[in-house]
Amino acid sequence: MKKISSIMAIALFVPTLFSCNNATDKKNGNDTSPKERIVSLNGAVTEIISDLGHEKELVGRDITSTYPEWVKDSVKDLGHVRSISIESVLALNPTLILASDKDLPPAIDEKLKSSGIKFKVFHQDFSVDGTKQLIGEVAQFIGDDSAQNLQTKIDSELSKVRTFSTKPKVLFIYARGAGTMMVAGANTPMESMISLAGGENAAVGITDFKPLTPEALVNSNPDVILLFDSGLQSLGGIDGLLKVPGVAQTAAGKNKAVITMDGGLLADFGPRLGEAAVTLNSLLAKYAQ
């Protein structure tokens, strides 16, 4: 009987102990249990959520959400936001759904609004102030008050960007093989990033993304050609790029002045904005004066 009584006492004590430890953790601010179930439909928004310390609350993401690296394996990939299945989103039982107005189709926007789940579409302005505002709005929506840390980090990193006496003319080419090539003109994230990094957009007289033509290449005559890492790979490397009509006739082509960066880092305009500008600035230094 004494043995049975001892076992029962231990059985009653153990859950009480765990309960006390859990309460102590919460009191000390160490509660690591997920507070929400978040679906993020934008790469920059996903990165902000993670950098704010809410990575364990992410249950779904769009295909552009590739950073931090672990999200590719640990968070459900729902595909591209333009063709996302509402059923696949709802199947994750989310409590919060976040998206950007950059790619979200009106039809999907309406379905998510009528889902009854807390849903927010953020405007994304591809600038320093716009990125800081996005960070602040995402933080507010998920109930976090540490946005300023990420905003200050951007300013700190941007202070390391070197100023060139002569700005190199940079042409960004978006490539998915030789059959799909676009240049970034005015009012694009790429023009903003080139400017932040101390360069000048070579695509003068072009607005948004336009198909690449030999005439546009010759007229822009860039000092440097910039691509995503994946874009240059799709062309077969620098040798493949030089075979594209018009490239070899440019100053960049003649000097093989071609640089690449990770697409997410270069174009997302998230918390790594300062890092992206410093990295591009460093790569452009070789071609600047």
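Now for a look at the structure at hand. (Residues numbered from 1 in each chain as written. Predicted model: local features only at pLDDT ≥ 70, side-chain atom pairs only at ≥ 80, totals over all residues. Heavy atoms only, no water.)

1. Some details on the pairing of strand β2 (residues 58–61)
Spelled out, the test is: We treat two strands as partners when DSSP finds at least two bridges between them. Strands are runs of DSSP state E lasting at least two residues, helices are runs of H or I lasting at least four, and both sets are numbered from the N terminus onward. Note on handedness: a crossover is taken as right-handed if, strands pointing away from the viewer, the path from the first strand over the helix to the second is clockwise.
Alignment of strand β1 (residues 38–41) against β2, held across 3 bridges, turns out to be parallel. Residue pairing for β2: S40 is matched across the bridge by R61. Taken together, β1, helix α2 (residues 43–51) and β2 form a β-α-β motif whose crossover is right-handed.

2. Details of the pattern of salt bridges
What counts is decided by this rule: Should a side-chain nitrogen of Lys or Arg be within 4 Å of a carboxyl oxygen of Asp or Glu, the pair is scored as a salt bridge. Remark: exposure states derive from per-residue accessible area (1.4 Å probe, protein chains only) relative to the maximum for the residue type, with buried under 20%, exposed over 50%, and partly exposed in between.
Scanning the model with the defined rule gives 7 salt bridges in all. Between E47 and R272 there is a salt bridge, with the nearest N and O atoms lying 3.0 Å from each other. In this pair, E47 sits in helix α2 while R272 sits in the loop between α13 (263–267) and α14 (273–284), placing the two residues 225 residues apart along the sequence. Here K113 makes a salt bridge to D109, at a shortest N to O gap of 3.5 Å. Within this pair, K113 and its partner D109 are both found in helix α5 (residues 106–113), separated by 4 residues, close to a single helical turn. Accessibility expressed as a relative area gives 52% for K113, which makes it exposed.

3. Comments concerning the nonpolar core
Test applied: To qualify as a nonpolar core, a set must consist of buried Ala, Val, Leu, Ile, Met, Phe, Trp, Tyr and Cys residues joined through side-chain atoms within 4.5 Å. Contacts are assigned to residue pairs with any non-hydrogen atoms lying within 4.5 Å of each other.
Core analysis: the largest hydrophobic core is formed by 48 residues, its most contacted members being L98, L266 and L280. Ranked by residues supplied to this core, first place goes to helix α6 (residues 128–141) with 6 residues. Excluding its chain neighbours within four sequence positions, the residues that come into contact with L266 are F172, M190, M193, L226, F228, M261 and L280.

4. Remarks on the sheet that holds strand β3 (residues 76–77)
In a beta sheet, neighbouring strands are held together by backbone hydrogen bonds and run either parallel or antiparallel to one another. In plain terms, the rule: Note on definitions: angles span 0 to 180 degrees between N-to-C directions of axes, and those axes are lines fitted to C-alpha atoms, for helices only across the stretch in contact.
Strand order in the open sheet formed by 5 strands is β3-β2-β1-β4-β5, with parallel pairing between adjacent strands. Lying at the two open borders of the sheet, with one neighbouring strand each, are β3 and β5 (118–122). Strand direction decides the pairing type here: β2 and β3, joined by 2 bridges, are parallel. Note on β3: the bridge partner recorded for R61 is D77. α2 contacts β1, β2 and β4 (96–100) of the sheet and is inclined by roughly 140 degrees relative to β1. Along the sheet face, α6 touches β4 and β5 and points at about 175 degrees away from the line of β5.

5. A word on the packing of α6 against helix α7 (residues 147–158)
Let me state the cut-off plainly: Here roughly perpendicular refers to angles of 65 to 115 degrees, roughly parallel to angles under 35, roughly antiparallel to angles over 145, and oblique to all remaining angles. A crossing counts as left-handed when the near helix is turned anticlockwise from the far one by less than a right angle, and as right-handed when that turn is clockwise. Residues are grouped as follows: Ala, Val, Leu, Ile, Met, Phe, Trp, Tyr, Cys and Pro are nonpolar; Asp, Glu, Lys and Arg are charged; all remaining types, including Gly, are polar.
Interaxial distance between α6 and α7 falls to 8 Å at its minimum, and their mutual angle equals 160 degrees. With respect to α7, the axis of α6 lies roughly antiparallel. Handedness of the α6/α7 crossing: right-handed. Facing α6, whose interface residues are V128, T131, K132, I135, G136 and A139, α7 presents A147, L150, Q151, I154, D155 and L158. Broken down by class, the residue content of the contact of α6 with α7 amounts to 7 nonpolar, 3 polar and 2 charged.

6. Remarks on the packing of aromatic side chains
Where two aromatic rings form a pair, the distance of their centres and the angle of their planes describe that pair. Cut-off, in case you're wondering: Stacked, tilted and edge-to-face pairs are distinguished by plane angle, under 30 degrees for stacked and over 60 for edge-to-face with tilted covering the rest, among Phe, Tyr and Trp rings (Trp via its six-membered ring) whose centres lie within 6.5 Å.
As enumerated under the stated definition, the model contains 4 aromatic pairs in all. The interplanar angle of 85 degrees and the centroid separation of 6.0 Å between the aromatic rings of F122 and F141 together place this pair among those described as edge-to-face. Residue F122 is located in strand β5, and its partner F141 is located in helix α6; the two are separated by 19 residues in the primary sequence. Assigned by exposure class, F122 and F141 land together as buried. A ring pair is formed by F126 and F269, whose centres lie 5.4 Å apart and whose planes are at 90 degrees; its orientation type is edge-to-face. Highlighted residues: F126 in the loop between β5 and α6 and F269 in the loop between α13 and α14, separated in sequence by 143 residues. Given a relative accessible area of 18%, F126 falls into the buried group.

7. A look at the environment of D77
Quick note on the threshold: Pairs of N or O atoms within 3.5 Å make up the polar contacts considered here, provided that, within protein, one atom can donate a hydrogen while the other can accept it, and that residues adjacent in sequence are counted only when both atoms are side-chain atoms.
Tracing the backbone shows D77 in strand β3. Distance from D77 to V59, taken between C-alpha atoms, is 9.1 Å for residues 18 residues apart in sequence. If near-sequence neighbours (up to four positions away) are discounted, D77 is found in contact with R61, D62 and I63. In this structure the side chain of D77 is engaged in a polar contact, spanning 2.9 Å, whose partner is the backbone nitrogen of G79.

8. Thoughts on α6
Threshold: Given a helix with a known number of residues, its expected span is that number minus one, times 1.5 Å.
Compared with an ideal rise of 1.5 Å per residue, which puts 14 residues at 20 Å, α6 spans 20 Å between its outermost C-alpha atoms and is within 8% of the ideal. What α6 keeps buried is the set V128, G130, T131, K132, L134, I135, V138, A139 and F141. Contact partners of the buried residues in α6: α2, β4, β5, α7, α8 (189–196) and α14. The residue sitting at the N-terminus of α6 and contributing the capping side-chain oxygen is S127; that oxygen lies 3.0 Å from the backbone nitrogen of G130.

No statement about biological role is implied by the geometric values presented.
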